[in-house]
Amino acid sequence: MQADLLSPAQRTRVAQLLHQHTPLVHCMTNDVVQTFTANVLLALGASPAMVIDAGEAAQFSAIASSLLINVGTLTQPRAQAMRAAVESANHNNTPWTLDPVAVGALSLRSDFCRDLLLLRPTAIRGNASEIMALEGQSAGGRGVDTTDTAAAALPAAQRLARESGAIVAVTGEVDYITDGQRTLMAQGGDPLMTRVVGTGCALSAVVAACCALPGDRLENIAGACALMKYAGQQAAHGRGPGSFIPAFLDALYVMNEGKAV
Amino acid sequence: MQADLLSPAQRTRVAQLLHQHTPLVHCMTNDVVQTFTANVLLALGASPAMVIDAGEAAQFSAIASSLLINVGTLTQPRAQAMRAAVESANHNNTPWTLDPVAVGALSLRSDFCRDLLLLRPTAIRGNASEIMALEGQSAGGRGVDTTDTAAAALPAAQRLARESGAIVAVTGEVDYITDGQRTLMAQGGDPLMTRVVGTGCALSAVVAACCALPGDRLENIAGACALMKYAGQQAAHGRGPGSFIPAFLDALYVMNEGKAV
Amino acid sequence: MQADLLSPAQRTRVAQLLHQHTPLVHCMTNDVVQTFTANVLLALGASPAMVIDAGEAAQFSAIASSLLINVGTLTQPRAQAMRAAVESANHNNTPWTLDPVAVGALSLRSDFCRDLLLLRPTAIRGNASEIMALEGQSAGGRGVDTTDTAAAALPAAQRLARESGAIVAVTGEVDYITDGQRTLMAQGGDPLMTRVVGTGCALSAVVAACCALPGDRLENIAGACALMKYAGQQAAHGRGPGSFIPAFLDALYVMNEGKAV
């Protein structure tokens, strides 16, 4: 396993690109994390929009900079709307990112995510259990928690990247980002991030935003992982999970000012 | 364009009326801003309730003090439930407010909002792009962002007010509130308010609450705009978007104590 | 009316048990409180998961430690999914908790909650108006607010407990927790908790989590009520409703460290 550690400069560059390009991110995400996801994107200078009716979602993913599909609170009507959005995104060259929340043990989302792989996502972001389940190795974790480490899932992530054509980010204590050939690594973060709902889901939205940036996509996505870990580390310092949330958004907000280097 | 600037005393009076009358606001709003909307109303002494099933929504809008319709995450079933609520509100003299989020480019919400105009909303609150699109001038903005200033949209707002019978608040860096004859103006606020999701949607909920207050409705709605801008200005001072959110709710909470004057 | 006051040690013991057992709580709750509910459970060491499709909900409640049903934003499809989850929970001996939000005046939720009583919930948590309406005494309160005190609803709570087999927590300024024979009492809290959306709904989620703990269930549920009141009291001190929210989560987070005694 060879993985290159991302430099602080790469993380700052991604934050600057987000502020310069203000990507309009069409978020089709779960009920629990919508507000936090929107606020994370706004803090980074991106522009979130949640559009969920099938007809409107297809219209909107045609004009958005990128699309996020997160299956956390999937229902049959939402699956149909997501599929319509993905097909429109592909037709209009809008990059799209898949977050396969809790895939494995639950049927509707597992079948749906495997179907979506055929529509060739631009990026996939999940924890170790989710990536291994999506790749076909395991039955998934315990709800949204992972029971495996990201390092253990890296071979599955690399195979998934090669098979699907997506850049795959498998995240945990350390994040690995791979296109199946090259692998980058992002370190940092804090265990407190697992005591706040939505940090992983919001990262997927930032990954989606980065898919709309110019430059090396693998490095940009790794930069997204690194900047979220860095802001999390800063925000966790001496705090509980409640005060972490505003501190995390504040830390993201100043990320493009070069203070992060 | 003649518009009278609201005095600080009018803003404080609205805050005091909200605490005295504790209007019960039936919020049919989008998924992203529900919690923030509820907390804004609670901080101001109003009482929010989200009831979304068509049958229950019709029952509830009959007994609520006012109704809010926000189409941010519209779906077909929600549109049906909203229509049932509006018809019941009209039948029971419950004032109702329309927030035409991102109307213009997206079909379902654009058709739905134009239909709703025939049911004569009490108030309409939107940004410049939304008001111009609703009035028929433009194809709308970029998602929920506006690409026009409120001042540029004032003529459209005045026409919309005259045609629909609603009081129209077109909000941005400066807010204009008009019944088609008189126009009031609210200043203040902070650019940080655009880096937090839901400040506009929550304002629409406060406008809805103010439609249930005694006195001059145009002045009450302008007071709602002014108090949100004032609280935003106070909360933004030296803060990032994360710490802005609790500070904003805290600032609203003390607004009726005369500190705002 | 005889009710024994809970000791601080019982409250701390429940916090410690939650951290030790990390119950996986399947939350089927309303749109407004999902994020706050998840963050409250995470702060206490429990593991929340929101799964809402009927098929997936039945799969998940079979493997979860406990299930929460909150009818705040009920719709017909959600009622069907909740029923499927409850039936699966009963089949798999997963304890489940009912929060009958605003039951009484609204038809769909009132009929649904009365039907659910036949499926024998493990616990029920509501305010005075809700418990009295569910037991059949009154037409319910004003939206989610209560117009009665918990003490006035205690006889109804006791009858409801005996008839349904559930432990019933009727909460307000003082909380009463009863199995129809024994009644415990939890004091504390702060009026500011009523100015923040979701404190009651989040308590129901903690009650659900406590149904999965070993030991005396009545005492564990009373401990849940007591620890939420204690954290609320600490967090409210000198704060407005906005800064209350992070302080409350922080206070819950340190509850198992013995600082609460």
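Owing to the predicted nature of the structure, the values given are computational and were not obtained by experimental measurement.

### Quick word on the packing of aromatic side chains
Line of reasoning, step 1. Scanning all chains against the criterion turns up 6 aromatic pairs over all chains.
Line of reasoning, step 2. For the ring pair Phe244 of chain C and Phe248 of chain C, a centre distance of 5.3 Å and an interplane angle of 20 degrees mean the geometry is stacked. One end of the pair is Phe244 of chain C and the other is Phe248 of chain C, both in helix H10 (residues 241-253) and 4 residues apart, which spans about a single turn. Both residues of the pair, Phe244 of chain C and Phe248 of chain C, belong to the buried class.
Line of reasoning, step 3. Just above the ring of Tyr230 of chain B sits the side chain of Arg11 of chain B; from NZ or CZ to the centre is 3.7 Å.

### Quick look at the UniProt feature "binding site: ATP" (unreviewed entry) in chain A
All names here are of chain A.
Line of reasoning, step 1. The sites that carry the UniProt feature "binding site: ATP" (unreviewed entry) are, in the present numbering, Arg125 and Thr171. Spatially, the listed residues are clustered: although they cover 47 residues, their C-alpha atoms lie within 7.4 Å of one another.
Line of reasoning, step 2. Residue position: Arg125 is located in strand E6 (residues 123-127).
Line of reasoning, step 3. Residue Arg125 is classed as buried on the basis of its relative accessible area, which comes to 5%.
Line of reasoning, step 4. Setting aside chain neighbours within four positions, we find Arg125 in contact with Leu98, Asp99, Pro100, Ala169, Thr171, Gly200, Cys201, Leu203, Ser204 and Val207.
Line of reasoning, step 5. Of note is the side chain of Arg125, whose polar atom sits 2.8 Å from the side chain of Thr171.
Line of reasoning, step 6. Its location among the elements puts Thr171 in strand E7 (residues 167-171).
Line of reasoning, step 7. Beyond its immediate sequence surroundings of up to four residues, Thr171 is in contact with Arg125, Gly126, Asn127, Ala128, Ala150, Leu203 and Cys225.

### Some words on the relation of the copies chain A and chain B
Line of reasoning, step 1. Of the transformation superimposing chain A on chain B, the axial component is 0.0 Å and the angular component is 120 degrees, with the fit at an RMSD of 0.0 Å. One copy is carried onto the other by what is essentially a three-fold rotation axis. Minimal C-alpha distance to the rotation axis in chain A is attained by Asp31 of chain A, lying at 4.1 Å.

### Points about the interface of chain A and chain B
Line of reasoning, step 1. Tallying the contact residues gives 24 residues for chain A and 27 residues for chain B.
Line of reasoning, step 2. Both faces combined, the contact of chain A with chain B buries some 2100 Å², and carbon together with sulfur accounts for 56% of it.
Line of reasoning, step 3. Three residues stand out in chain A for area buried against chain B, namely Leu42, Ile52 and Glu56 of chain A, and they jointly supply 25% of the buried area on that side.
Line of reasoning, step 4. Measuring nitrogen to oxygen at the nearest pair gives 2.7 Å for the salt bridge that ties Arg109 of chain B to Glu56 of chain A.
Line of reasoning, step 5. Counting across the interface, chain A meets chain B through 8 residue pairs in polar contact (both at pLDDT 80 or more).
Line of reasoning, step 6. Looking at which element gives the most residues to the side of chain A that touches chain B, the answer is helix H2 (residues 34-43) of chain A, with 6 residues.
Line of reasoning, step 7. Across the side of chain A that touches chain B, the residue classes tally to 14 nonpolar, 7 polar and 3 charged.

Rules used throughout
Residues numbered from 1 in each chain as written. Chains lettered and ligands numbered in written order. Predicted model: local features only at pLDDT ≥ 70, side-chain atom pairs only at ≥ 80, totals over all residues. Heavy atoms only, no water. Phe/Tyr/Trp six-rings, centres within 6.5 Å; stacked < 30°, edge-to-face > 60°. Helix = DSSP H or I, 4+ residues; strand = E, 2+ residues; numbered from the N terminus. Buried < 20%, exposed > 50% of the residue type's maximum accessible area, 1.4 Å probe, protein only. Lys NZ or Arg CZ within 6 Å of the ring centre and 35° of its normal. UniProt positions renumbered as here; feature names shortened; annotations may be inferred. Contact = heavy atoms within 4.5 Å. Polar contact = N/O pair within 3.5 Å; in protein donor to acceptor, adjacent residues only side chain to side chain. Least-squares fit on C-alpha atoms with pLDDT ≥ 70 in both. Buried area = accessible area lost by both parts, 1.4 Å probe. Salt bridge = Lys/Arg side-chain N within 4 Å of Asp/Glu carboxyl O. Nonpolar A, V, L, I, M, F, W, Y, C, P; charged D, E, K, R; others polar.

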